[in-house]
Amino acid sequence: MATIEVDRSDVEQFLSRFRVTVVDDDRSRSHHDVTLSGSDFERLAGRYATPESFIEACFGFLLARELKEQILPSFDVSQIGRYFPEFEREIVWPPGTAPG
């Protein structure tokens, strides 16, 4: 199971930047620079206490679908849905948690 380390590196008025390190059991690492707009955080992260916990959940989502080496080294959270159309639905309501 991979460990996901999230550090906020910068906060601008409408955008936060994060440095994410993914460490596998064999101690191999990948590093990623991720941005998150305030509007995407408000729209998608209502159940997450902090932007850092939301970014960690985003990486959990990605790692369930691809190897850490396949995750882009630099991207904005809004790009995830282009590669995985189910992203927004599942990040808001993970499987088995949707109301109804």
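Residues numbered from 1 in each chain as written. Predicted model: local features only at pLDDT ≥ 70, side-chain atom pairs only at ≥ 80, totals over all residues. Heavy atoms only, no water.

Undergrad: Summarise the pairing of strand β1 (residues 3–11); cite the residues concerned and give the values.
TA: One ladder, built from 8 bridges, connects β1 with strand β2 (residues 15–23); its direction is antiparallel. Paired with Asp 7 across the bridge in β2 is Arg 19. Count of turn residues in the β1/β2 antiparallel hairpin: 3 residues. (Pairing = 2+ DSSP bridges. Helix = DSSP H or I, 4+ residues; strand = E, 2+ residues; numbered from the N terminus.)

Undergrad: Go over the nonpolar core, please, and point to the residues and values.
TA: Counting residues in hydrophobic clusters, the biggest one holds 23 residues, and the most contacted among them are Val 20, Phe 54, Ile 55, Phe 59, Val 77, Ile 80 and Phe 87. Among the secondary structure elements, those contributing two or more residues to this core are β1, β2, β3 (29–37), α2 (51–63) and α4 (87–92). (Core = buried A, V, L, I, M, F, W, Y, C linked by side-chain atoms within 4.5 Å. Buried < 20%, exposed > 50% of the residue type's maximum accessible area, 1.4 Å probe, protein only.)

Undergrad: Quick one: what's the story with the packing of aromatic side chains, residue by residue and with numbers?
TA: Under the counting rule described, the total for this entry stands at 5 aromatic pairs. On the basis of an interplanar angle of 75° and a centroid distance of 6.2 Å, the ring pair of Phe 41 and Phe 54 is categorised as edge-to-face. Taken together, the residues span a long stretch of sequence, with Phe 41 in helix α1 (residues 38–44) and Phe 54 in helix α2 at a distance of 13 residues. When its relative accessible area of 0% is taken as the criterion, Phe 54 is described as buried. Aromatic pair Phe 59 and Phe 75: ring centres 5.9 Å apart, planes at 40°, arrangement tilted. Here Phe 75 lies in strand β4 (residues 74–76) and Phe 59 lies in helix α2, a separation of 16 residues in the sequence. In this structure, Phe 59 and Phe 75 share a single accessibility class: buried. Aromatic ring contacts, followed pair by pair, group Phe 41, Tyr 48 and Phe 54 into a single cluster. Sitting above the plane of the Phe 61 ring, Arg 65 keeps its charged end 3.6 Å from the centroid. (Phe/Tyr/Trp six-rings, centres within 6.5 Å; stacked < 30°, edge-to-face > 60°. Lys NZ or Arg CZ within 6 Å of the ring centre and 35° of its normal.)

Purely spatial values, then, with no claim about function.
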